Each structure stands twice: as structure tokens, then as C-alpha cells.
Amino acid sequence: MGDPGSTGPSDGRVTPAGRPKRPTMSDVAARVGVSQALVSLVFRNQPGASADTRRRVFQAAEELGYRPDTAAQLLRRTRSRQLGVLFTMRQPHDVGIVEALYPAARKHGYTLVLNAMVETRDERQAMDELLGLRCEAIITIGTTFERHQPATDVGRPSIVEINPRTRAAGTDVVRTAERNGMHQAVDHLVAQGHRAIAHIDGGAMPAAEERRRGYRAAMRHHGLAEHIQVHPGDYTEESGARVARDLLARPELPTAVIAGNDRCAHGLLGTLLRAGVSVPDDVSVVGYDDSQLARLSFIDLTSVRQDAAEAAEVAVRAAAERLDEGRTADRDIVLDPTLVVRGSTGPPRTRSTPDSDLLR
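What counts as what
Residues numbered from 1 in each chain as written. Predicted model: local features only at pLDDT ≥ 70, side-chain atom pairs only at ≥ 80, totals over all residues. Heavy atoms only, no water. Helix = DSSP H or I, 4+ residues; strand = E, 2+ residues; numbered from the N terminus. Buried < 20%, exposed > 50% of the residue type's maximum accessible area, 1.4 Å probe, protein only. Contact = heavy atoms within 4.5 Å. Expected span 1.5 Å × (residues − 1). Bend = angle between axes of the 7 residues up to and from the residue. 1 Å grid on protein atoms, 1.4 Å probe; cavity = no way out; pocket = protein on both sides within 12 Å on 5 of 7 lines; lining within 4 Å. Points joined across faces, edges and corners; volume = space filled by probe spheres on them. Nonpolar A, V, L, I, M, F, W, Y, C, P; charged D, E, K, R; others polar. Salt bridge = Lys/Arg side-chain N within 4 Å of Asp/Glu carboxyl O. Axes fitted to C-alpha atoms, helices over the stretch in contact; angles between N-to-C directions. Parallel < 35°, antiparallel > 145°, perpendicular 65-115°, else oblique. Left-handed = near helix turned anticlockwise from the far one by under 90°. Phe/Tyr/Trp six-rings, centres within 6.5 Å; stacked < 30°, edge-to-face > 60°. Lys NZ or Arg CZ within 6 Å of the ring centre and 35° of its normal. Pairing = 2+ DSSP bridges.

If you check an unreviewed UniProt entry, the chain appears there as LacI family DNA-binding transcriptional regulator from Streptomyces rhizosphaericus.

K.L.:
Please clarify how the overall build of the chain should be interpreted in this entry.
P.N.:
The helix and strand tally for the chain stands at 12 helices and 12 strands. The buried share of the chain, taken over its 360 residues, is 50%. For the chain, long-range pairs separated by at least 24 residues make up 66% of all intrachain contacts whose partners lie at least 6 apart in sequence.

K.L.:
How do you make sense of helix α5 (residues 92-107) when you look at a structure like this?
P.N.:
Residue pairs three or four apart in sequence face the same way in an α-helix, which turns once every 3.6 residues. Taking 1.5 Å per residue, 16 residues should reach 22 Å; α5 reaches 24 Å between its end C-alpha atoms and fits that length. A bend of about 30° at L101 is the largest found in α5, and the proline P103 appears one to four places after it. Tucked into the core, α5 has its buried residues touching β1 (82-87), β2 (111-116), β3 (137-141), β4 (158-162), β9 (284-289) and α12 (308-325). Two residues or fewer after α5 comes G109, characterised by a positive phi angle close to 80°.

K.L.:
Which parts of the structure should I look at to understand the side chain of R263?
P.N.:
Checked against the element boundaries, R263 lands in helix α10 (residues 262-274). Contact partners of R263, with chain neighbours within four places excluded, come to R90, Q91, P92, Y235, T236, E237 and L293.

K.L.:
Which parts of the structure should I look at to understand empty space enclosed by the protein?
P.N.:
Regions of empty space are outlined by a rolling probe, equal in size to a water molecule, passed over the atoms. Overall, the coordinates contain two cavities of 30 Å³ or more when judged by the stated rule. Lining of the largest cavity is provided by 14 residues; of these, T176, Q306, D307, A311 and L335 occupy positions nearest its centre. Among the residues forming the lining of the largest cavity, the class breakdown is five nonpolar, four polar and five charged.

K.L.:
It is not clear to me how the pattern of salt bridges should be interpreted in this structure. Could you clarify?
P.N.:
Opposite charge on two side chains lets them pair, provided their charged atoms get close. Within the structure shown, the criterion is met by 25 salt bridges. Residues R349 and D282 are paired through a salt bridge, measuring 2.9 Å at the closest nitrogen-oxygen approach. Here R349, found in the segment after β12 (338-340), pairs with D282, found in the loop between α10 and β9; they are 67 residues apart in sequence, far enough to count as distant. Under the relative-accessibility criterion, R349 is labelled exposed at 55%. The class for D282 is partly exposed, based on a relative accessible area of 28%. One salt bridge connects R305 with D290, and the closest N-O pair in it is separated by 3.6 Å.

K.L.:
What is the right way to look at the packing of helix α1 (residues 25-32) against helix α3 (residues 51-64) in this model?
P.N.:
Relative placement of two packed helices is described by the angle separating their axes and the distance separating the axes. Closest axis-to-axis distance for the α1/α3 pair is 9 Å, and the angle between their directions is 120°. It follows from the interaxial angle that α1 and α3 lie oblique. Between α1 and α3 the crossing geometry is right-handed. Residues D27, V28, R31 and V32 of α1 pack against R56, V57, A60, A61, E63 and L64 of α3. Residue composition of the contact of α1 with α3, grouped by class: six nonpolar, no polar and four charged.

K.L.:
Just to check I follow, could you spell out unusual backbone geometry for this structure?
P.N.:
Excluding glycine, residues mostly have negative phi values, and the peptide bonds linking residues are mostly trans. In this structure, the amide linkage connecting V279 to the following residue, P280, adopts the cis form with an omega of 15°. When you line up the elements, P280 lands in the loop between α10 and β9. Phi at D289 takes a positive value of approximately 120°, unusual for a residue other than glycine. Within the element layout of this structure, D289 appears in strand β9. Relative accessible area serves as the criterion here: at 8%, D289 is assigned to the buried category. Notably, D300 is not glycine yet its phi reads approximately 50°, a positive angle. Structurally, the position occupied by D300 is in the loop between α11 (292-295) and β10 (302-305).

K.L.:
Hey, could you run me through the packing of aromatic side chains in this one?
P.N.:
Aromatic ring pairs are defined here through the distance separating the ring centres and the angle between the ring planes. Under the criterion given, the structure shown has zero aromatic pairs. Above the face of the Y110 ring, R81 is positioned so that its terminal group lies 4.1 Å from the ring centre. Over the ring of Y288 we find R211, and its NZ or CZ is 3.8 Å from the ring centre.

K.L.:
What exactly am I supposed to notice about the pairing of β3 here?
P.N.:
Looking down a regular strand, the side chains alternate between one sheet face and the other. Within β3, five of the five residues are buried, which leaves the element mostly enclosed by the surrounding structure. Neither face of β3 is left uncovered, since the one carrying A137, I139 and I141 and the one carrying I138 and T140 both have all their residues buried. In this structure, β1 lies alongside β3, joined through four bridges in parallel fashion. By the bridge assignment, L86 is partnered in β3 with T140.

Next up, the structure:
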């Protein structure tokens, strides 16, 4: 019996209820004049059919409106070769990672099942939904995952966490060397002649604590401990706008600000510019992530780049190592960031020659 495909006309036949009959694999085989087994090989991308036969099978399927029933195929497999992805849609960098996961998964022979985190569902519920869809491993992006026994009966999955808020035992972690990234940002601003460099931190958001520590360490490294300013914030435009309003109410602005991420920097930039502050002449601004937002020509934001494609590739590879090679030891994979300099940073308006010890 042929497996059903998607709805669509085949040869004009109808069901007893009067609906068009869904085309089947046997219909495709009959149209091409080959066996159903050979058609199955073609749709499973297995060897055994010539290039011409493959072309004719796909052509017949298109003419009949046949689509393989992937759900039925999945049920027949011993392994699903599916990776679940838990993510939020709030941060542009996270969305960039999701996009990069598709080619990475395909390269390793896996497909993805996405599940977005929203306020109406907790993480455990989202996790169990992915396990119910036979995902063999779960990749989380910027979540607060806590290890638990799933409510389903499929057992504990392999977990890979990208930029986690906390590191759970029994998982692989893919993260950025945040202190290095902040050090690059401070180094760049000091080389431009800045001393009064402030930081808007990300509060309890992923990587915020490490970025805050990196900022403080870099400022002390350059002998600027007395200029350290950490302003509470988060990874939203509103937090950047709020800090900008606070800074504007003070007698003197810092000459440079490193925001917790690009969205925060965007809110800071907009509020400063509306107040008549020139960027970068009066205040230089640095973001973090180098998301698509930073690259927009009218924002032109200097930002610390996290490579979304690299994070996706190593996360999928880590999952594949556990599933295909049997690795059991946890891995902590640290990726190096890179500062991308654009038009939002420059020398301060009243630049003095920087001390040599600040540039070491």
C-alpha cells in the first residue's frame, strides 16, 4: 500500500465522500513505469536509481501533486535524526543563530524542529513538546534551562546550550569569551582617546555578568578605575533610552558608552540624537552582538561581533558527537568575539594626547 502525500489531484479519482483522492507513491510509480520501491529510494535520496529516473520521478510527483508523508516516514525510522531548538524571538542575535542552524543541521544529516519560548508556556512544557516530536537532542539559545526528568517517557535528551544564562550540569555549552569582547571594546575607545567610558549592563540577561566583569577589568587594566560607571539595564531599547535620559540629566556626559547589546545601544543612540547630542563627536557608542541592527546604514553601530554561524555549527556538531559517536563527557566551547568598528565611535571632541601607559 502506498504512503499518502499531501492533498492534490492525481488522475481525477475521488473518494466515496466525493473528495479528490490524495495521490500516493504507487500513483507516481505507475506514472513513471517503475516499481514503488524504486520511487521510495528516490524520495529517501538513497542510491539505486539513475539520474534520469530521479528526474522523471520528481516530474511525475509534481504533475500529480504528490508530496511524501514525512510524518509517516519519521514513524518508520529507528532514529528520528531531529534536533529540537528552544529559542526566543526577542533578540536579533538569537534569531540569527536559528537561521544558521538550518545549514549546520543539514550538513550533519539532521533536521530541525523549532519551539519558540513565550510568556504563556514554561520551559519544561516547551521541552516536553519537542521530546514528544522525537527530537533526539535539544539546542537551547539564551534560556534558563534547568535539568529535569521529562514528563514524557522518551528519557533524558542530549542538551546543547548556546549563550546560556546559567550552566546546567550534564549539558554541552557554547558561549562567547565575553571578557575578551569587552576588553576589545575598551581598548578601542582608549586608543581613540576616551577615559570617561560608561557601561550599560544587561542585568540578569545571558552573558551580562561576564560582560560587566570584563568591562571593569579592562578599565582597571588601563588605569581608569576611577572612571568606571556601570548603569543597570537589560537587552532592550527602552533600557538604553532610560540610561540616556539619566545621563542627559547629569552635569557632564561620559565621552563613550558600551551598551549591553545592540538593542540597548539603539535605544541609547536614538535618545541622545533626539536631545541634540552628536554621535560620535560628543559620545561614542558601542554595542554587542553585531546583529543585523548594527549593520543598518543609518545606525552604523560599532559592535562586538558574535559569529552566529560558528555558534550554530559547533552546537550541532556537539549534538552529533553525542548522538552519533557516543561522547558522554560535557564540553564547554568558548568562541572568540571580534570588534567591528563603524561610524558610532571616534575620538572625543576635546581629545588630549593619551598617556602612553593607557595604550599598553
